[in-house]
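Coordinate inspection notes
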Amino acid sequence: MSKRIHVSTTVNGDEADFLCDPRETLLDCLRDHLGVMGVKEGCGTGDCGACSVTLDGRLVCSCLVLGVEAEGKEVGTVEGMAAGEVLHPLQRKFIEHAALQCGICTPGILVAAKTLLERNPDPTETELRYWLAGNLCRCTGYDKIIRAVMDAAAEMREAS
Amino acid sequence: MSVHKSLPHDAAPLHVTGQARYVDDIPVPANCLHLAFGMAEIAHGRITSMNLDAVRAAPGVVMVLAGEDFDEIPDCSPSAHDEPLLSDGTVHYLGQPLFLVAATSHLAARKAARLAQVEYEELEPILTIEQALAADTRFEDGPRIYEKGDVDAALARATHIIEGRIEMGGQEHFYLESQAALVLPQEGGDMVVHCSTQHPSEIQHKVAHALHRPMNAVRVEVRRMGGGFGGKESQGNHLAIACAMVADRTGRPVKMRYDRDDDMMITGKRHDFRIDYRAGVDAHGKLTGVDFVQMTRCGWALDLSLPVADRAMLHADNAYHLPAARITSHRLRTNTQSATAYRGFGGPQGVLGIERVMDHIAHTLGLDPLEVRKANYYAEMGGKAGVNVEKGVEAKGAGTAHKISSGTGGAKRFGGAHSPEPMEQGQQTTPYHMPVTDFILNGLTAKLAEACDYHARRAAIADWNASQPVLKRGIALTPVKFGISFTLTHLNQAGALVHVYNDGSIHLNHGGTEMGQGLFQKVAQVAADRFGVPLDRVKITATDTGKVPNTSATAASSGSDLNGMAVKAACDTIRDRMADFFAEQYQTKPAQVRFADGMVHVGNEAIPFDEAANRAYVGRVSLSATGFYKTPEVAWDRIAGRGRPFFYFAQGAACSEVVIDTLTGENRILRTDILHDAGSSLNPVLDIGQVEGAFVQGAGWLTTEELVWDGKGRLRTHAPSTYKIPACSDRPRVFNVALWDAPNPEETIYRSKAVGEPPFMHGISVWSALSEAVAACGPNYADLQAPATAEEVLSAIKRARG
């Protein structure tokens, strides 16, 4: 067992510290050391997007990032999307459009969609489809997800 | 009324905030152990030595168990007692669990499991259909055969004989949450099991059996699964049993979840099939008889292969009246993962067989495939329902489908021009001799063809193809008629438990499990409607074998049909007790007491439901009840192939347009239109979600999802890097889904219809459209196989060109 490393990071705006093996993934650190359970493991190889988080605003698969890489950075997960009791427009629209079924891909897709809208508040449907192509969903067939994100984007543009 | 309303999934607010808990998210005690299997590296042979010293010495390892550590290796089979948890010395497939590692972390267990030194005496594996037939390795003593009429005579008389073969691949479930179980030992050796399973009662049964304890020593709880699709009907047994064995020996909580690669290497998948067909048709493409030979690789153990293969036979007709038919089914034993339940349960394979025949007939006779399909449809609903007249009427009755399938659709209740027409000659029957009395696809197809402008688009595509050298398009409209009920008749039962607390809140429990399909919401809508209260009064609770016993798997699309009815019965029992109580208090009749708008209306008074519940409690009325339901009418002899295996048929049709690149074989779905029959939908938005998801999954099965085993029996596509399920970018560019809104003629829960599996077969429209696009490349029959990957499309183009 190699020496454990102390990592100081920020998760959803809150300071967080943990000790980890240098080979542990950020995904495992979030779930096992910090109890951030909205981050899901789908494949562990960066193909399904269920573990999507942001690292200093950049969308990453947390199964492909080491926990120690979070040192001094800001991690964003689905748990940080709502402002208290007030849901993010994307969250609200996912409920309204019934854009989820089993729900285990939902946190990753929300994080990915939020990152897109921060860069491009007015994506075309094609841009959105290809942006989300790295987030697999086995239940919905994606249609309601696309509609929910496009609707949320429109609402967010009006509000801004 | 809370039923028939479009309401989102009950747990949606939890899902979007990351709070919804799956098995792997449940907080565990600090001393929890984690398991991993060590797996076989060969497909067939004997273990000559297994050295586990390095495994035992690895960091974090607490216990290692192999077959020899058990007096009797626990069995994991749902059917035949032929699946030992760990190898008994024989290896049946590459990936089979040989030993079990318990360690202080998931990663430590997995790493240690790789350190074993195993030596084998290799035997020749049986991997292909040819090898299995040559060696005669099969389940059951010979092929199963269902017959109707004189097929040989019908084929001898036919104007044309169309014959060929279609091979169709299997399919990985790829539920995003891999298999998982958590076992918490209790006092006196009892076990509480949290498991991602569609079948809690079976987990309870198998865990109890493994522990040599009665079922009352084991309680299984399932709040939700991260997808199931049939893959969690029997495949979770191994994890729950493994955890229970280690928990029993160590007294510690134990968790096991498969890593994605392990999940794909160990667990069963959809059965792949080869179907040979010989069809007789008249000059107009109307079938006179069909002879099908279905062959499927069941893998190494029986699992659910018999009912899967049966259902493939039962769907060999799909929507078409076969005057004479013979369906022969070979269930072959191979050294591969034990194929298991997957959405449709053999039905899609049977349906694809005859849809292929329709396309082949159309190509040979130069007809529009849709016209061939319509010419062979069963007669529309409206015959003398329920009268079983079958003898000697088949030949005469056969003409009726033709007669009523013409004309343009409209927006009337059953599709306009196709008003039900009595069948004077009696009913048409399926190849298993069940009268088809609820067929609606003549009207539904006409309506869809009109709505999606099929004929004009088909003509435009032909023109476009004529002028395009590289890209070719195709369009196809395919139907589905899917039988609803478990074919093992005794499984068609369900139970429920409902409590009304004295503050008016309602606790709802039933035997169905939630895997994302929205069952809990639909059933809660039923409960709220029975009591006439808002939906937020009803608390949906985790499936629990301690609350409702002896449940069937949530499978066969039966979840809301069975559990909805059981919940209705439980609610009505309580409601009737309350009505009796208030009728007596207000000196009226119980029938005069109404439950609506959150009130109990009695005499001239309206009592708020919470107050009514409390008054009933104080009046010493029991406010807790069980409910039970069993599907009526079904009776079936699976050996003879006769009877009524299904309560009713769920139906629908889909039209897809695709484009292929003839240089690379790559393809896209340009547009899909679906009209699907969910009866009087309990919840249209959830049902449409099922239709959309099922279609995309079905299209994936027949296009990009390819399982590849190498010559040694190693599955080469064991991760999403190599096994491609549809992604967001693959969804049709235009995607229109609508429900055919008409009540189920059978008395189902609020006249709704089951919706989980039937729309899976709408994916066949994509495959048929690809077949059409390929046909535009040359004069020959292209003989497209499935899945139609880019490689397969390219090969088919070459065959078309000759």
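Numbers given to residues run from 1 along each chain, matching the order in which its sequence is written. Chains carry letters from A onward and ligands carry numbers from 1 onward, assigned in written order. At least 70 in pLDDT is required for a residue's local features to be given in this predicted model, at least 80 for side-chain atom pairs to be given and counted, and no such filter applies to totals for whole chains, interfaces and linings, which use all residues. The side-chain figures draw on all heavy atoms in the structure; neither hydrogens nor water molecules are used.

1. Let's talk about the overall build of chain B
The secondary structure content of chain B amounts to 21 helices and 29 strands. Within these notes, the globule rule equals 2.2 Å times the number of residues to the 0.38 power, and the radius of gyration is based on C-alpha atoms. The C-alpha radius of gyration computed for chain B amounts to 27 Å, which stays within 12% of the reference 28 Å derived for 802 residues, consistent with globular compactness. With respect to the principal axes defined by its C-alpha atoms, chain B has extents near 85 × 75 × 50 Å. Relative accessibility decides the category of a residue: with a 1.4 Å probe and only protein chains considered, values under 20% of the type maximum give buried, values over 50% give exposed, and everything between is partly exposed. Out of the 802 residues in chain B, the part that is buried amounts to 65%. The contact rule is simple, with two residues in contact once any of their heavy atoms fall within 4.5 Å. Counted over contacts in chain B with a minimum sequence separation of 6, partners at least 24 positions apart contribute 80%. Note on areas: these come from Shrake-Rupley sampling with a 1.4 Å probe, and a residue is covered only by the protein chains present in the view. When the accessible area of chain B is evaluated, it comes to approximately 27,000 Å², of which 50% is carbon and sulfur surface. With 78 positive and 93 negative side-chain charges, chain B shows a separation of 3 Å between the mean positions of the two kinds. Going along the chain from the N terminus, every DSSP run of H or I of four or more residues is numbered as a helix, and every run of E of two or more is numbered as a strand. By the counting rule applied here, Lys and Arg register as positive and Asp and Glu as negative, while His and the ends of each chain are not counted. For this purpose, a charge sits on NZ of Lys, CZ of Arg, CG of Asp or CD of Glu.

2. Description of the overall build of chain A
For chain A, the count of helices and strands is five helices and five strands. The N-to-C order of helical and strand elements in chain A reads β-β-α-β-β-β-α-α-α-α. Dimensions along the principal axes, computed over C-alpha positions, put chain A at roughly 50 × 30 × 25 Å. Within chain A, the proportion of its 160 residues that are buried is 55%. Charge centroids of chain A, computed over 16 positive and 24 negative side chains, lie 4 Å from each other.

3. What to know about a negative patch on the surface
Residue and element names in this part refer to chain A. What goes into a patch is any residue over 30% in relative accessible area without a salt bridge, connected to like charges within 9 Å or, for nonpolar side chains (Val, Leu, Ile, Met, Phe, Trp, Tyr), within 5 Å. We define a salt bridge as a side-chain nitrogen of Lys or Arg found within 4 Å of a carboxyl oxygen belonging to Asp or Glu. A cluster of acidic side chains, namely Asp-14, Glu-15, Asp-17 and Glu-71, defines a negative patch on the protein surface. One can find Glu-15 in strand 2 (residues 14–20). By relative accessible area, Glu-15 is classed as exposed at 74%.

4. Side note on the domain arrangement of chain A
Residues and elements named next belong to chain A. One can read the domain layout of chain A as domain 1 (5–80) and domain 2 (89–159). A straight line from the C-alpha centre of domain 1 to that of domain 2 covers 21 Å. Contacts between domain 1 and domain 2 engage 15 residues on the former and 13 residues on the latter. The contact between domain 1 and domain 2 buries some 1,000 Å² in all, and 64% of this surface belongs to carbon and sulfur atoms. Accessible area, probed at 1.4 Å, shrinks when two parts are joined; the buried area is that loss added up over both. Three residues stand out in domain 1 for area buried against domain 2, namely Cys-48, Leu-59 and Val-78, and they jointly supply 43% of the buried area on that side. Across the domain 1-domain 2 interface, the total number found is zero salt bridges. Within 3.5 Å is the distance limit for a polar contact, defined as a pair of N or O atoms, with the added protein rule that one can donate a hydrogen and the other accept it, and that residues adjacent in sequence qualify only through two side-chain atoms. Across the domain 1-domain 2 interface, the total number found is four residue pairs in polar contact (both at pLDDT 80 or more). With three residues, strand 3 (residues 52–55) is the largest single contributor of residues to the side of domain 1 that touches domain 2. The residue classification treats Ala, Val, Leu, Ile, Met, Phe, Trp, Tyr, Cys and Pro as nonpolar and Asp, Glu, Lys and Arg as charged. All others, Gly included, are polar. Class assignment for the residues of the side of domain 1 that touches domain 2 results in five nonpolar, seven polar and three charged. An automatic or database domain assignment supplies the residue ranges for each domain.

5. Observations regarding the interface of chain A and chain B
Of the residues lining the interface, 43 residues belong to chain A; the matching set on chain B comes to 51 residues. Carbon and sulfur atoms supply 56% of the area that chain A and chain B bury against each other, a total of about 4,000 Å² over both sides. For the chain A face of the interface with chain B, the top three residues by lost area are Gln-101, Arg-129 and Arg-138 of chain A, together amounting to 21%. Put simply, chain A and chain B have eight salt bridges between them. A salt bridge links Arg-731 of chain B to Glu-125 of chain A; the nearest nitrogen and oxygen atoms lie 3.4 Å apart.

6. Section: unusual backbone geometry
Residues and elements named next belong to chain B. A cis geometry characterises the amide bond from Ala-786 onward to Pro-787, with omega recorded as 0 degrees. The topology assignment puts Pro-787 in the loop between helix 20 (764–775) and helix 21 (790–801). The backbone of Phe-174 shows a phi angle near 50 degrees, a positive value even though the residue is not glycine. Along the chain, the position of Phe-174 falls in the loop between strand 8 (160–168) and strand 9 (180–185). Residue Phe-174 is classed as buried on the basis of its relative accessible area of 0%.

7. With respect to the environment of Leu-663 of chain B
All names here are of chain B. Its place among the elements puts Leu-663 in the loop between strand 27 (648–661) and strand 28 (667–676). For the pair Leu-663 and His-315, spaced 348 residues apart in the sequence, the C-alpha separation amounts to 36 Å. Setting aside residues no more than four positions away along its own chain, Leu-663 makes contact with Val-470 and Leu-794.

8. A closer look at the sheet that holds strand 6 (residues 117–122) of chain B
All names here are of chain B. The pairing criterion is simple: DSSP has to find at least two bridges between the two strands. Strand order across the open sheet formed by three strands is 4-2-6, with antiparallel pairing between neighbours. Of all strands in the sheet, those with a lone pairing partner are strand 4 (90–91) and strand 6, marking the two edges. Here two bridges tie strand 2 (residues 45–51) to strand 4, and the two strands are oriented antiparallel to one another. Note on strand 4: the bridge partner recorded for Arg-46 is Thr-90.

9. Remarks on the confidence of the model for chain B
Along the chain, pLDDT gives the predictor's confidence residue by residue, from 0 to 100. Looking at chain B as a whole, the pLDDT averages 94, with 95% of positions reaching at least 70. At the level of chain-chain contacts, confidence expressed as ipTM amounts to 0.98, with global pTM at 0.94.

10. A word on helix 3 (residues 106–119) of chain A
Take the number of residues in a helix, subtract one, and multiply by 1.5 Å to get its expected span. Between its terminal C-alpha atoms helix 3 of chain A stretches 20 Å, which fits the 20 Å expected from 14 residues at 1.5 Å a residue. Every buried residue of helix 3 of chain A is accounted for by Thr-106, Pro-107, Gly-108, Ile-109, Leu-110, Val-111, Ala-112, Ala-113, Thr-115, Leu-116 and Leu-117 of chain A.

11. Structural notes on the packing of helix 17 (residues 559–585) of chain B against helix 18 (residues 609–618) of chain B
Residues and elements named next belong to chain B. Where helices are involved, their axes are fitted lines through C-alpha atoms of the stretch in contact, as for all axes, and angles between N-to-C directions lie from 0 to 180°. With their axes 10 Å apart at the nearest point, helix 17 and helix 18 run at an angle of 85 degrees to one another. The angle between helix 17 and helix 18 places the two elements in the roughly perpendicular class. Contacts between helix 17 and helix 18 involve Met-578, Phe-581, Phe-582 and Gln-585 from the first element and Phe-609, Ala-612, Ala-613, Arg-615 and Ala-616 from the second. Its residues assigned to classes, the contact of helix 17 with helix 18 shows seven nonpolar, one polar and one charged. Working rule for angles: under 35 degrees goes down as roughly parallel, over 145 as roughly antiparallel, 65 to 115 as roughly perpendicular, anything else as oblique.

12. Notes on the pairing of strand 24 (residues 624–630) of chain B
Residue and element names in this part refer to chain B. Of the two faces of strand 24, the one holding Ala-625, Gly-627 and Tyr-629 is buried and the one holding Ser-624, Thr-626, Phe-628 and Lys-630 is not buried anywhere. Bridge count for strand 17 (residues 493–500) against strand 24 is seven bridges, and the pairing is antiparallel. Its bridge partner being in strand 24, Ala-494 is matched across the sheet by Tyr-629.

13. Points about the side chain of Gln-651 of chain B
Residues and elements named next belong to chain B. As for its position among the elements, Gln-651 is in strand 27. At 3.0 Å, the side chain of Gln-651 and the backbone oxygen of Asp-438 are in polar contact. Apart from the residues within four sequence positions on either side, Gln-651 is in contact with Asp-438, Phe-439, Ile-440, Leu-441, Val-480, Lys-481, His-676, Asp-677 and Lys-753.

14. What about the sheet that holds strand 24 of chain B?
Residue and element names in this part refer to chain B. If you trace the four strands from one edge of the open sheet to the other, you get 19-18-17-24, paired in mixed fashion. Strand pairing shows two members of the sheet lacking a second neighbour, strand 19 (538–540) and strand 24, which therefore form its edges. Adjacent strand axes in the sheet meet at a mean angle of 25 degrees when their direction is disregarded. Here three bridges tie strand 18 (residues 506–510) to strand 19, and the two strands are oriented parallel to one another. Counterpart to Ile-506 in the pairing with strand 19 is Val-538.

15. Looking at the packing of aromatic side chains
Residues and elements named next belong to chain B. Here a pair means two rings of Phe, Tyr or Trp (six-membered ring of Trp) with centres within 6.5 Å. Their orientation is stacked below 30 degrees between planes, edge-to-face above 60, and tilted elsewhere. As enumerated under the stated definition, the model contains 15 aromatic pairs over all chains in all. For the pair Tyr-377 and Phe-439, a centre-to-centre distance of 5.5 Å together with 70 degrees between the ring planes defines the contact as edge-to-face. Note that Tyr-377 is positioned in the loop between helix 11 (369–376) and helix 12 (394–397) and Phe-439 in the loop between helix 13 (400–404) and helix 14 (441–451), a separation of 62 residues in sequence. For the residue pair Tyr-377 and Phe-439, the accessibility class agrees, reading buried in each case. A ring pair is formed by Trp-701 and Phe-760, whose centres lie 5.7 Å apart and whose planes are at 35 degrees; its orientation type is tilted. Taken together, the positions of Trp-701 in helix 19 (residues 684–702) and Phe-760 in the loop between strand 29 (734–739) and helix 20 put the pair 59 residues apart, joining distant regions of the chain. Note on Trp-701: relative accessible area 2%, which makes it buried. Classification of Phe-760 by relative accessible area gives buried; the value is 1%. An aromatic cluster is built from Tyr-146, Tyr-432, Trp-636, Phe-646 and Phe-649, whose rings are joined through pairwise contacts.

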